[in-house]
Amino acid sequence: MHGGAVADRALPVLKARHFVEGAHQKSTQAAKDNPHPPQFVYLDEAENLIKLFAVNGETTVSYVMSTALESWGIDAEELAVLAQANLQKFLDKTGVQIAKRSQFQYVEVDGQFESSIAFLPNFWAQVQEQSGGAAPIAAFLSRDKVFFTHENDALGLQLLELISADLSEVPYVISPDQYRWESGRWTLFKRVAPIAAAKLH
């Protein structure tokens, strides 16, 4: 039995691994009287990327913590299945727009859950088909900035790297790196060195 209405609003979100590491340090320092503070519930997604779970409220978004899972009586894998189904329903409502910008494309959803497109295998299979079978390459720059092209688009990849290198004005940064979609999963394609310190949230 899961936590009903709350669990039914849980969505998978893409984050950098250091997001939970930084938050864990803060919660440990803040809760000195609690030797076991609640932990973020997450699964590994790719190098330096994780799948976190967020509950989409009417005005706020909160992350699923270990204490919530315990009260719902499910584990992280079961939550992932539920959140995946919720994501599909959510995107059926909001729609997914693909916009083109010079050599590459980007995704528009609702300004908050664009990065969750990472978890849609059918979407990326379609992108690959449209690219003549070339593997999609994506940059998950922030929660609302997902740019992509394919591995054979040299100019597109170059432009993607230029954009990714300066995230100094971008809030909610995930990663400047490029990831390759192949056989249903993401792998690191290319590290992009930032030219300025990004605001990490």
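Just above sits the structure.
**Side note on helix α6 (residues 154–165)**
Consideration 1: Between its terminal C-alpha atoms α6 stretches 17 Å, which fits the 16 Å expected from 12 residues at 1.5 Å a residue.
Consideration 2: Regarding α6, the residues found buried are Gly156, Leu157, Leu160, Ser164 and Ala165. Taken around the axis of α6, the buried residues stretch over an arc of 165 degrees, which confines them to a single face. Turned more than 90 degrees away from the buried face of α6, the exposed residues are Ala154, Gln158 and Leu162.
Consideration 3: Buried-residue contacts for α6 involve β6 (104–108), β7 (136–142), β8 (145–150), β9 (178–182) and β10 (185–190).

**Quick notes on the layout of surface pockets**
Consideration 1: In this structure, the largest pocket encloses a volume near 230 Å³.
Consideration 2: Looking at the largest pocket, the residues that line it are Asp8, Arg9, Leu11, Asn56, Gly57, Asn86, Lys89, Phe90 and Lys93.
Consideration 3: When residues in the lining of the largest pocket are grouped by element, the largest group, 4 residues, is from helix α4 (residues 76–94).
Consideration 4: Residues of the lining of the largest pocket, tallied by class, amount to 2 nonpolar, 3 polar and 4 charged.

**Side note on the side chain of Gln178**
Consideration 1: Structurally, Gln178 can be placed in strand β9.
Consideration 2: For Gln178, a relative accessible area of 1% translates into the label buried.
Consideration 3: Engagement of the side chain of Gln178 in a polar contact is seen with the backbone oxygen of Leu157, the distance being 3.4 Å.
Consideration 4: If near-sequence neighbours (up to four positions away) are discounted, Gln178 is found in contact with Ile137, Ala138, Leu157, Leu160, Glu161, Thr187, Leu188, Phe189, Lys190 and Val192.

**So, the pairing of strand β2 (residues 42–46)**
Residues in a regular strand project their side chains so that they alternate between the two faces of the sheet.
Consideration 1: The pairing of β2 with strand β3 (residues 49–56) spans 4 bridges and is classified as antiparallel. Note on β3: the bridge partner recorded for Leu43 is Lys51.
Consideration 2: Following β2, the chain reverses through 2 residues before pairing antiparallel with β3; Asn48 in that reversal takes a positive phi of roughly 70 degrees.

**A look at the pattern of salt bridges**
Note on pairing: side chains with opposite charge can pair once their charged atoms come close.
Consideration 1: Per the counting criterion, the structure on display carries 7 salt bridges.
Consideration 2: Residues Glu47 and Arg191 are paired through a salt bridge, measuring 2.5 Å at the closest nitrogen-oxygen approach. Within this pair, whereas Glu47 is found in the loop between β2 and β3, its partner Arg191 is found in the segment after β10, the two being separated by 144 residues in sequence.
Consideration 3: With relative accessibility at 41%, the residue Glu47 sits in the partly exposed group.

**Section: the sheet that holds β8**
Consideration 1: The antiparallel open sheet is built from 6 strands, whose spatial order is β5-β6-β8-β7-β9-β10. At either end of the open sheet lies a strand with only one pairing partner, and these are β5 (97–101) and β10. Each adjacent strand pair in this sheet contributes to an overall mean axis angle of 35 degrees, direction not counted.
Consideration 2: Here β5 pairs with β6 via 5 bridges, running antiparallel. By the bridge assignment for β6, Gln97 is matched with Glu108.
Consideration 3: Relative to the sheet, helix α5 (residues 121–130) contacts β5, β6, β7, β8, β9 and β10, its axis offset from that of β7 by approximately 130 degrees.
Consideration 4: Relative to the sheet, α6 contacts β5, β6, β7, β8, β9 and β10, its axis offset from that of β8 by approximately 160 degrees.

**Regarding the packing of aromatic side chains**
Consideration 1: Applying the stated criterion across every chain, the model contains 13 aromatic pairs.
Consideration 2: Ring plane angle 80 degrees and centroid distance 4.9 Å describe the contact between Trp124 and Trp186, whose orientation is recorded as edge-to-face. Taken together, the residues span a long stretch of sequence, with Trp124 in helix α5 and Trp186 in strand β10 at a distance of 62 residues.
Consideration 3: Overall, Trp186 belongs to the buried group, its relative accessible area being 1%.
Consideration 4: Here the aromatic residues Phe123, Trp124, Phe140, Phe148, Trp181 and Trp186 are joined through ring pairs into a cluster of three or more.
Consideration 5: One cation-aromatic arrangement involves Lys15 over Phe19; the distance from NZ or CZ to the ring centre is 4.6 Å.
Consideration 6: The side chain of Lys51 reaches across the aromatic face of Phe119, ending 4.8 Å from its centre.

Conventions and cut-offs
Residues numbered from 1 in each chain as written. Predicted model: local features only at pLDDT ≥ 70, side-chain atom pairs only at ≥ 80, totals over all residues. Heavy atoms only, no water. Helix = DSSP H or I, 4+ residues; strand = E, 2+ residues; numbered from the N terminus. Expected span 1.5 Å × (residues − 1). Buried < 20%, exposed > 50% of the residue type's maximum accessible area, 1.4 Å probe, protein only. Arc of directions from axis to C-beta. Contact = heavy atoms within 4.5 Å. 1 Å grid on protein atoms, 1.4 Å probe; cavity = no way out; pocket = protein on both sides within 12 Å on 5 of 7 lines; lining within 4 Å. Points joined across faces, edges and corners; volume = space filled by probe spheres on them. Nonpolar A, V, L, I, M, F, W, Y, C, P; charged D, E, K, R; others polar. Polar contact = N/O pair within 3.5 Å; in protein donor to acceptor, adjacent residues only side chain to side chain. Pairing = 2+ DSSP bridges. Salt bridge = Lys/Arg side-chain N within 4 Å of Asp/Glu carboxyl O. Axes fitted to C-alpha atoms, helices over the stretch in contact; angles between N-to-C directions. Phe/Tyr/Trp six-rings, centres within 6.5 Å; stacked < 30°, edge-to-face > 60°. Lys NZ or Arg CZ within 6 Å of the ring centre and 35° of its normal.

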